[in-house]
Amino acid sequence: LAILHRAKFLEFLSLMITPDLSRAPEKLDIWILAGQSNMFGCGLLEGALESDARVWNFSSAGKWEIAQEPLHRLWESCTPVHQNLLRTALGAVTIAQENFSDAQMAQIETATRTTGASLRIAFGKAMAETNKKNIGLISAAHGATTLEHWNPNRKHEGGHSLYGALLQRVQMAGGNLRGVLWYQG
């Protein structure tokens, strides 16, 4: 009996030191939030809605966290399609940044970003209030993309297509998927 209690205590202690948020906290109703620029977030970060402990986000890096704007941080993405599309969009405008790593680009974005707020946290709060449940958001939008980027026929490309990357992230997130909110444009 003493060994069992010691083992349980050590397990508890290890969770306290290094919590594993890679899987959804228990009993989340999970919603996919996908689309283009408006879902990605065009609103100013200054004055954005505050986080709410009932609303979680499956981050671009593939980890569960309390939702806080900006929810989409594409340079941190665990799937290559987002960085590839961003690098293509940069084009000749910022040739100097061409040799920066994704981690360096993420640091630059964090330091300089002023937009990224969207309806996501408001949606999560409204759903949490209405359904009296914690809400999980899988943010999967990418601005300046076409519907061809989201074509289900490209799922075989995995993380190299937006649709394939979305499916990978849903699988990684786990949990009780309730629906999809698509915001185009």
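Structure first, text after, so check above.
Note on numbering: residues in each chain are counted from 1, in written sequence order. Side-chain atom pairs in this predicted model are given and counted only at pLDDT of 80 or more, local residue features only at pLDDT of at least 70, and totals for whole chains, interfaces and linings cover all residues. Only hydrogens and water are set aside; all other atoms, that is, all heavy atoms of the structure, feed into the side-chain values.

A. Summary view of the pairing of strand β6 (residues 134–141). Each residue gets one of three labels from its accessible area relative to the maximum for its type: buried under 20%, exposed over 50%, partly exposed in between, using a 1.4 Å probe on protein chains only. In this description a helix means any DSSP run of H or I spanning at least four residues, a strand means any run of E spanning at least two, and both kinds are numbered starting from the N terminus. Counting buried positions along β6 yields seven of eight residues, so the element is predominantly enclosed. Here strand β1 (residues 28–35) pairs with β6 via eight bridges, running parallel. Among the inter-strand pairings, Asp29 is bridged to a residue of β6, identified as Ile135. Pairing analysis gives four bridges linking strand β3 (residues 55–58) to β6, with the strands arranged parallel. The residue bridging Val55 from the neighbouring strand is Ile135, located in β6. Strand pairing is defined by DSSP finding a minimum of two bridges between the two strands.

B. Highlighting a nonpolar patch on the surface. A surface patch of nonpolar side chains, about 310 Å² in accessible area, is lined by Leu147, Val180 and Trp182. For Val180, the position within the fold is in strand β7 (residues 176–183). Only residues whose relative accessible area exceeds 30% and that form no salt bridge enter a patch; like-charged residues are grouped when within 9 Å of one another, and nonpolar side chains (Val, Leu, Ile, Met, Phe, Trp, Tyr) when within 5 Å. Exposure was quantified through the Shrake-Rupley algorithm and a 1.4 Å probe, taking into account, for residues, occlusion by the shown protein chains and nothing else. Every case where a carboxyl oxygen of Asp or Glu lies within 4 Å of a side-chain nitrogen of Lys or Arg is listed as a salt bridge.

C. Representation of helix α3 (residues 80–90) in the model. Every buried residue belonging to α3 is among Val81, His82, Gln83 and Leu86, and all of these are buried. Of the surrounding elements, those touching the buried residues of α3 are α4 (102–112), β6 and α6 (162–173). Here, two residues are considered to be in contact whenever any of their heavy atoms come within 4.5 Å of each other.

D. Representation of empty space enclosed by the protein. Definitions used for this entry: grid spacing 1 Å over protein atoms alone; cavity, a set of points where a 1.4 Å probe fits but cannot get out; pocket, an open set with protein on both sides within 12 Å along at least 5 of 7 lines; lining residue, one with an atom within 4 Å of a point. Grid points are joined across faces, edges and corners, and a volume is the space filled by probe spheres set on the points. Tallied over the full model, the rule gives one cavity of 30 Å³ or more. Considered as a void within the structure, the largest cavity measures approximately 30 Å³ in volume. Lining the largest cavity are Ser60, His72, Leu74, Ser77, Thr79, His82, Ser139, Ala140 and Arg169.

E. Seen up close, the side chain of Glu109. When you line up the elements, Glu109 lands in helix α4. On the basis of relative accessibility, which here comes to 18%, the residue Glu109 falls in the buried class.

F. Quick look at the nonpolar core. To define a nonpolar core, start from buried Ala, Val, Leu, Ile, Met, Phe, Trp, Tyr and Cys residues and group those joined through side-chain atoms within 4.5 Å. Core analysis: the biggest nonpolar cluster contains 19 residues, and Trp31, Leu33, Phe123, Ile135 and Leu137 have the highest contact counts within it. Of all elements in the fold, only β1, α2 (37–40), α4, α5 (120–131) and β6 reach the threshold of two or more residues within this core. When sequence neighbours within four positions are dropped, the list of residues in contact with Trp31 reads Phe123, Met127, Ile135, Gly136, Leu137, Ile138, Arg178, Gly179 and Val180. In this structure, Ile32, Ala34, Ala165 and Leu166 belong to the second largest nonpolar core, which totals eight residues.

G. Fine view of the layout of surface pockets. What the largest pocket holds in volume is close to 470 Å³. When residues of the lining of the largest pocket are traced back to their parent elements, those giving at least two are α2, α3 and α4. Sort the elements by how many residues they give to the lining of the largest pocket and α3 lands first, with five residues. Under the scheme applied, nonpolar residues are Ala, Val, Leu, Ile, Met, Phe, Trp, Tyr, Cys and Pro; charged residues are Asp, Glu, Lys and Arg; polar residues are all the others, including Gly. Looking at the lining of the largest pocket residue by residue, the classes come out as 11 nonpolar, seven polar and two charged.

H. Region of interest: the sheet that holds β3. Ordered in space as β4-β3-β6-β1-β7, the five strands form an open sheet in which the pairing is mixed. Strands at the two margins of the open sheet, each flanked by one partner only, are β4 (64–66) and β7. Averaged over neighbouring strand pairs, the angle between their axes works out to 30° when direction is ignored. Comment: axis = line fitted to C-alpha atoms, over the contacting stretch for helices; angle = value between 0 and 180 degrees taken between N-to-C directions. Of the strands in this sheet, β1, β3, β6 and β7 touch α5, which is tilted by about 155° from β6.

I. Broad picture of α4. Among all positions in α4, only Met105, Ala106 and Glu109 are buried. One face of α4 carries all of its buried residues, which in axial projection span an arc of 105°. Pointing more than 90 degrees away from the buried face of α4 are the exposed residues Ala103, Gln107, Thr110 and Ala111. Those residues of α4 that are buried are in contact with α3. Each C-beta atom gives one direction from the helix axis, and the arc is the one those directions make.

J. Quick peek at the pattern of salt bridges. The tally for this structure, following the rule as stated, stands at 11 salt bridges. Where Arg54 meets Asp52, a salt bridge forms, and the shortest distance between an N and an O atom there is 2.8 Å. For Asp52, a relative accessible area of 14% gives the class buried. Taking the shortest distance from any N to any O, the salt bridge between Arg120 and Glu69 comes out at 2.4 Å. Here Glu69 lies in the loop between β4 and α3 and Arg120 lies in helix α5, a separation of 51 residues in the sequence. Residues Arg120 and Glu69 agree in their burial class; the two are buried.

Function cannot be read off these values alone, since they describe shape.
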